[in-house]
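# Notes for the structure review
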Amino acid sequence: MASNKKYWKSEEELHNPSLVENLAANEFPNSTESLFAASEKLLNATTTTRRDFLKYLGFSTAAATLAACEAPVIESIPYVTAPDKLVPGIATYFASLYDDGNDYAAILVKTREGRPIKFEPNKDAKINSGTNARVQAAVLNLYDGTRLRNPKKDGNDIDWDQFDREIVDGIKKAADAGRIFALVTPTINSPATRSLIEKYRSTYNNFTHIEIDAFSASKALDAWEQATGVRKFPLYHLDKADVVVSFGCDFLNGIHGQSVESDYASRRIPGPEMSKHIQIEANMSLTGANADKRIKLKASENTAALLALYNAIAKKLGAESVKTVSTSIDGEIGKIAELLVSKKGKSLVLNGYNDKEAEMVAIAINMLLENFGSTLSKSQYNNLRTGDDKKFIQLVENMEKGQVGAVIFAGVNPAYNKINAGRLKNALAKVPTTVCFADKMHETASIVQYVGAANHMCESWGDGSPCTGITHFMQPTINNLFNTRQWQQCLLSWLGQDPNYYAYLKSFYSNYNFNEVLHDGYYISSETASININLSPVALASVVLPKAASNGLELVVYQKTSLGTGELANNPWLQEMPDPITRASWDNYVTMSRTDAEKLGVINRNVSNGALNGSYVTLTYGDVKLEKVPVIIQPGQAEGTIGLAVGYGRTGMGKVADGVGVNAYALTGTEHYLTGVIIEKAEGEHEFACVQLHHTMMGRNIVKEVSLEDYINKPAQDGGNGWNEKPKFETYKGPLTAKETNLWTEFDHETGHFWNMSIDLNLCTGCGACVIACHAENNVPVVGKKEVRVSRDMHWLRIDRYYSSDMTEELAEEKGLSAIKKFEEMEKPSDNPQVVFQPVMCQHCNHAPCETVCPVAATTHSAEGLNHMTYNRCIGTRYCANNCPYKVRRFNWFLYSENPEQFEINYAMNDDLGKMVLNPDVTLRSRGVMEKCSFCIQRIQLGKLQAKKEGRKIMDGEIQTACMSACSTGAIVFGDANDKESHVAALKADKRMYHLLEEVGTNPSVFYQTKVRNLV
C-alpha cells in the first residue's frame, strides 16, 4: 500500500529542513570539525555557535546510531544443487594427516561450508594422535595470500604442461649424458610415495633418492644404523618408564617426530606409580622445565657424561667398563646410576644431540639396563626420521663437479637449513635442470630454474606410516585454491602415467576397505619388525670425545615450540605465540647465563612502560657472522654456553616472516652445537615483545607445590599445617575461609548445568597448543610486535611461567634485608630454577568483580555459571579489566579486522583469502570492545542442542573447549560439575584442588590441581 505520510526525526527537521539538509550533506563541516581540534588557532577562528553545535550533535548522534544498525548488502546465490552431507551452519569433520617433514599428526579437519577452519587431534589414531601448537596453526597457511599460484620458470608463470614437458626432457638428457638424476625429499614415511619413488629407481639407472631432515638427526641415525642395520629409531614407550634420564633430548617438543606427550603424562599423575624425570642439558628446554631434577651441562661434555654413566652402571651390575672419563657432574652421575639400576628394565636413557658417539653410548646404557623390549620397542620402528646428511653433501660435491644432470627438491629447503646458500647456488648453476616444489619463493625456490607450486595438505591425498604396523591417511578437504599440485602427481605424470594421485593411492591400498580407512583416518595391521641390537663394548672403547674450544662459547641450537624449523614462519599466530620459557614473541635471540652476561657486559632491563629491552651481540664462527643478535639472560642456561632458536631469518616467505630474527642454520648447518663461537657485545639495544614482566613467584601463593612424599604421607588440610590449606582470615567469629566470609548473594548453580574447568599443573607441559587452538576457534586477532610490547596482546588464554628463587622470607630475615631489598632479591630467579607453567584464562567467577562495576551490564552471570560478554553492549570503559584480579580481559584498542594498513600481518582478518579461516560461530569484535574466554560458549550450545535433538542428556566429555581438545596430556578437563559422575566433578572433590587467588573470594569456576614433584 502506497503511503504519503511524512516522517521526521526532530522538530528542527520539520520546521527548518534546509539546515538539516545542509548538515546531512556535510556530515563533518569544517566549522564543527574545528571544535574537536587541538589547535587553539582553529578554535578561535571558528564561527560555530553553541546552539549550532548542539544542533549538529543531535543530528550526528542520530545518524551514527542509524549507521551502526546498517550492514553492507552482499548478494548471495544459493546452491542450484546442494552438496551432499553439507548442512549450512553445521561443521563437517574429515579424518586426515598433517606431515611437513618435521611435525606429524593424525588430525580431524573441521570444515564449515566447504572451508577448513580448524585442526583437531584424531585421538583414535593410536600414535601421533595429539597436536602441538604448530599443527594447530597450520590451517592458516592454507589461506596465506603469498602462496605460489602457478608453476614458474626463471621466475615467470608457466602452465603445468610446459612444466612437465621441459622437466621430462631434462631428465632424459641427464640419462643420455650419464649424469645423476637426484630427488631430494624429507623423510618419506608414506608407503605409497616410497613405492612410486622405487618406480623411478627401476626406470632410471642414474636415479638417486636422498632424504634430509630440517632439524637433523643424521649422526644419531648413523649410530642406530651401526647398532641395528636399519637407519631408524625404535619407538619409545615413556608410559612404561619409571625413570627417564634425558641428555639434551627435548622429547616434549617432538625432537624425533614421535609425539610422546600423552605417554609421558600418563606417568606424571601423582601416586606411587609416578615416574621420575631427570634432565641434563645446556639450554633450558621445554622438557627440562618439566623435569623433577634438572642438571646443567655443556653440550661438549654430553658424551663424556654418558660414558661416565655407562661405567657407573656397569660397575654396579658387574659388567665391563669401557673408558675412564671425568665430567663436571661426576657427583650426580653415581646417584643417577643407582636410580637407574634400581629400575632396571623400567627406565629409559635418551640422547638429544645429533652426535653419533653420544647416541651409541645411550644405546649401550639401555642395553645394560635391559630396556629393549619395554621402554624401547623391539618390534616397531619410528619411521619419521631417516635423513642422511652425508649423502646430501656428496650430492652437492657431485653438482660442483658437473656430474648431476637434474635435481628435484620436494618439500625441502636446503639453501636455508642445510648448507651455505651461496655454495648451493653455485653448485646448482652447473646442473642443467633444477626444480623445487614449494608453496613460497623461499631460499631454495629462488635459486632453481623451475618451481612447482605445491598444494597445502588440505588440498592433497596421501598416506603416512609413523611406525611399524600403523598407517594414517590424508584426504583433501577443499578444492585447490590456486593452480597447484602435490609433487607426487608430477612424478606420476613424468612416468607417463595418469597423474590422478587419488586413483594411485586407492589402487595401492586395494586390499583395504578404502572408504572405511579414509573415514577413520588410520589402519592398524599386524605387521611387526625385529629390531636386533648388536653393539659391543669394543665399539664404545673407540668413542671420540668432543674437544672444548680454547676460546669462545658453545652455541646450542634448538627448536622453539612456536616456529619449529621455520616451515610455518609466515604464520602470524605462531609468530605472536609467546615462547613458554622466555615469554617473548616475534623474535629469536641468544639465551645466556647471568654469569656470562655479566662478564660480557650484556644487560636486560625493563623500561618505564614495563617492556623488556636487551643488548645486542655479534656471533662469529669461521667465516660466518651473525650481527645484531639480541640477548635474553636465561635462568638455567649452562655457563659457557649460549642458545639460539632455528626457524627465523627467513627470506621469500612473506611479510610476516621476512626480516624477523636471524638464521641460526647459517652458523651450525646440520650440527646441534658448536664450540668456539666468538661472541662480542654490539652497539644498540633491542626491544623485545615479552608478555611476562615478573620472573618468579616472589613467595606468592599462586602456584601450589608439594613433594610426592608429602602428598602421599601428609594430609592436604590439617588446621593450617597441610600442603593444600585454604587461606583463612581473622574475624570476630575466628579464622574463616573466603567462602565463609562471603558477602555475596549466592547464585543457584544446583539446578541445570554448572560448567567448570580443571587444570592439572602436573600434566601441563606449557607447550602452547591450547593457546593456538583458542586463537583459531575464537577468531582472536593478531596485533603485532609493537602492540604486544605495550601489553596489548589479545590471547584469551595465557600460560604463565614461574621460576623459583634462591631468596626466601627466612633467608631475608636472617640477612636483615629491608622489605624493598628482599623483594628485589626474591624477583631474581635461581641460576638453575625449578619451573612451573600455569594456564590462565577467564576464571568465570561466581562472585565476579567485573560484573559489579560494568555500568551497562555488558558482562553478566549466566544460570550455568558462565561469565558472559555482550559485545554490542560494551562501551569500553575497561572498569571490568581494572577490577579483574586475574588480568584476563582483553581490550580492542584498535580495529584489528578490515584494517590492512595498520595490521597487514593479520591476514586472517584483513585479507579476503585469509578471512576464509574465520569461525562463523564466533563474532569479530570491534574497536572499543572488551573480550575474553567464553568457555567456547558456541561449543556448549552446539552440544546442548545436539543432545536435545536426540532426546538425551549431555554425556560427560561430549562438550570440549578448544583448549581441552588440543591438550595432548589431559591437563585441561571441562564439564558439568552438577553431574556428580563427571570427571570434572571428581577433580573438584580431589584433595589437590585449589582456586587461584582464593583469598580474594571470587569463587571461580576454574580450579587447579596442586603440582606434585617427585624429588630425586
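Residues numbered from 1 in each chain as written. Predicted model: local features only at pLDDT ≥ 70, side-chain atom pairs only at ≥ 80, totals over all residues. Heavy atoms only, no water.

## Concerning the nonpolar core
Of all hydrophobic cores here, the largest spans 199 residues; its most connected members are Phe119, Trp573 and Leu619. The dominant element in this core, judged by the number of residues it contributes, is helix 12 (residues 302-317), at nine residues. In contact with Trp573, not counting residues within four places along its chain, are Gln136, Ala137, Val139, Leu140, Ile772, His775, Ala776, Val782, Ala908 and Val917. One finds Leu148, Ala192, Ala406 and Phe514 within the second-largest nonpolar core, a separate group that totals 62 residues. (Core = buried A, V, L, I, M, F, W, Y, C linked by side-chain atoms within 4.5 Å. Buried < 20%, exposed > 50% of the residue type's maximum accessible area, 1.4 Å probe, protein only. Helix = DSSP H or I, 4+ residues; strand = E, 2+ residues; numbered from the N terminus. Contact = heavy atoms within 4.5 Å.)

## A closer look at empty space enclosed by the protein
One pass over the full model with this rule turns up 13 cavities of 30 Å³ or more. Considered as a void within the structure, the largest cavity measures approximately 1000 Å³ in volume. Taken together, 47 residues make up the lining of the largest cavity; nearest its centre are Asp99, Asp100, Gly411, Trp487 and Glu567. Secondary-structure elements contributing two or more residues to the lining of the largest cavity are strand 1 (92-99), helix 16 (414-417), strand 15 (433-438), strand 17 (462-467) and helix 18 (487-494). For the lining of the largest cavity, the class distribution of residues is 19 nonpolar, 19 polar and nine charged. By volume, the second largest cavity amounts to about 350 Å³. Lining the second largest cavity are 27 residues, with Asp250, Asn283, Ser285, Tyr558 and Gln559 positioned closest to its centre. Among the elements that take part in the lining of the second largest cavity, strand 20 (residues 553-558) stands out by supplying three residues, more than any other. Broken down by class, the residue content of the lining of the second largest cavity amounts to 11 nonpolar, 12 polar and four charged. (1 Å grid on protein atoms, 1.4 Å probe; cavity = no way out; pocket = protein on both sides within 12 Å on 5 of 7 lines; lining within 4 Å. Points joined across faces, edges and corners; volume = space filled by probe spheres on them. Nonpolar A, V, L, I, M, F, W, Y, C, P; charged D, E, K, R; others polar.)

## With respect to the packing of helix 8 (residues 191-203) against helix 19 (residues 501-508)
Remark: helix 8 packs on helix 19, axes separated minimally by 10 Å, with the N-to-C direction vectors making an angle of 100 degrees. Viewed along their axes, helix 8 and helix 19 adopt a mutual orientation that is roughly perpendicular. Taken together, the residues of helix 19 that come into contact with helix 8 (itself represented by Pro191, Ala192, Thr193, Ser195, Leu196 and Lys199) are Tyr501, Tyr504, Leu505 and Phe508. (Axes fitted to C-alpha atoms, helices over the stretch in contact; angles between N-to-C directions. Parallel < 35°, antiparallel > 145°, perpendicular 65-115°, else oblique.)

## Observations regarding the sheet that holds strand 39 (residues 972-976)
Note on sheets: strands pair through backbone hydrogen bonds, and any given pair is parallel or antiparallel. Judged by pairing direction, the sheet is mixed, and its four strands sit side by side in the order 39-32-41-40 without closing on themselves. Each edge of the open sheet is held by one strand with a lone partner, namely strand 39 and strand 40 (993-994). (Pairing = 2+ DSSP bridges.)

## Quick word on unusual backbone geometry
With glycine set apart, most residues show a phi of negative sign, and most peptide bonds adopt trans. The backbone of Arg583 sits at a positive phi, close to 65 degrees, despite the residue not being glycine. Following the sequence through the fold, Arg583 ends up in the loop between helix 22 (572-575) and strand 21 (584-585). A positive phi angle is found at Lys887, which is not glycine, with a value near 55 degrees. Tracing the sequence through the fold places Lys887 in the loop between helix 31 (879-883) and strand 37 (890-891).

## Some words on the packing of aromatic side chains
The final tally for this structure, using the stated rule, is 32 aromatic pairs. Ring geometry for Trp224 and Phe372: centres 6.1 Å apart, planes at 70 degrees, overall edge-to-face. Separated by 148 residues along the polypeptide, Trp224 in helix 9 (residues 218-228) and Phe372 in the loop between helix 14 (356-368) and strand 13 (376-382) bring together distant segments of the chain. The pair formed by Trp224 and Phe372 is uniform in burial state, with each residue classed as buried. (Phe/Tyr/Trp six-rings, centres within 6.5 Å; stacked < 30°, edge-to-face > 60°.)

## Digging into the pairing of strand 3 (residues 115-121)
For strand 3, the buried fraction is high: seven of the seven residues fall into the buried class. In terms of strand pairing, strand 2 (residues 104-112) meets strand 3 through six bridges, oriented antiparallel. In the strand pairing of strand 3, Thr111 is matched with Pro116. If you look at the hairpin formed by strand 2 and strand 3, you'll find two residues sitting between the two strands, and Glu113 has a positive phi there, around 50 degrees.

## Side note on a nonpolar patch on the surface
Among the surface-exposed residues, Val87, Ile90 and Leu942 lie close enough to one another that they form a single nonpolar patch of about 260 Å² accessible area. Locating Leu942 in the fold gives a position in helix 33 (residues 937-949). (Patch = residues over 30% accessible without salt bridge, like charges linked within 9 Å, V, L, I, M, F, W, Y side chains within 5 Å. Areas by Shrake-Rupley, 256 points an atom, 1.4 Å probe, with all protein chains shown as cover. Salt bridge = Lys/Arg side-chain N within 4 Å of Asp/Glu carboxyl O.)

## Overview of helix 17 (residues 421-428)
Among all positions in helix 17, only Leu424, Ala427 and Leu428 are buried. Taken down its axis, helix 17 places every buried residue within 95 degrees of arc, on the same side. Next to the buried residues of helix 17 lie helix 15 (389-400), strand 14 (404-410), helix 16 and strand 15. Looking at where helix 17 begins, the residue whose side-chain oxygen comes 2.8 Å from the main-chain nitrogen of Gly422 is Asn420. (Arc of directions from axis to C-beta. Polar contact = N/O pair within 3.5 Å; in protein donor to acceptor, adjacent residues only side chain to side chain.)

## Observations concerning the state of the cysteines
Scanning the entire structure with this criterion turns up zero disulfides. Free cysteine: Cys436, not disulfide-bonded; nearest cysteine sulfur from Cys490 at 12 Å. In this structure Cys880 is a free cysteine whose sulfur lies 6.3 Å from that of Cys874, the closest cysteine sulfur available. With relative accessibility at 9%, the residue Cys880 sits in the buried group. (Disulfide = S-S within 2.5 Å.)

## A look at the pattern of salt bridges
All chains considered together, the criterion is met by 48 salt bridges. Here Arg605 and Glu685 are joined by a salt bridge, their closest N and O atoms 2.8 Å apart. With Arg605 in strand 23 (residues 604-606) and Glu685 in strand 27 (residues 673-687), this pair connects stretches of sequence that are 80 residues apart. Judged by its relative accessible area of 31%, Glu685 is partly exposed. Members of the salt-bridge network, linked through shared partners, are Lys110, Lys118, Glu120, Glu777 and Arg939.

## Topic: the sheet that holds strand 9 (residues 243-247)
Strand order in the open sheet formed by four strands is 11-10-9-12, with parallel pairing between adjacent strands. Two strands in the sheet have a free side with no partner beyond their single neighbour: strand 11 (293-296) and strand 12 (347-351). Direction aside, the axes of adjacent strands within the sheet are offset by 10 degrees on average. Pairing geometry for strand 9 and strand 10 (residues 276-281), over five bridges, is parallel.

## Points about helix 14
Its 13 residues give helix 14 an end-to-end C-alpha distance of 19 Å, which sits within 8% of 18 Å, the value for a rise of 1.5 Å per residue. The element helix 14 is extensively covered by neighbouring structure, given that 10 of its 13 residues are classed as buried. Turning to helix 14, its buried residues number three or more, namely Ala358, Glu359, Met360, Val361, Ala362, Ile363, Ala364, Ile365, Asn366 and Leu368. Structurally, the start of helix 14 carries an N-cap: the backbone nitrogen of Glu357 is 3.0 Å from a side-chain oxygen of Asp355. Just downstream of helix 14 lies Glu370, where phi reads positive at about 55 degrees. (Expected span 1.5 Å × (residues − 1).)

## Notes on the side chain of Arg267
Looking at where Arg267 falls in the secondary structure, it is placed in the loop between helix 10 (261-266) and strand 10. On the basis of relative accessibility, which here comes to 10%, the residue Arg267 falls in the buried class. At a separation of 2.6 Å, a polar atom in the side chain of Arg267 contacts the side chain of Asp242.

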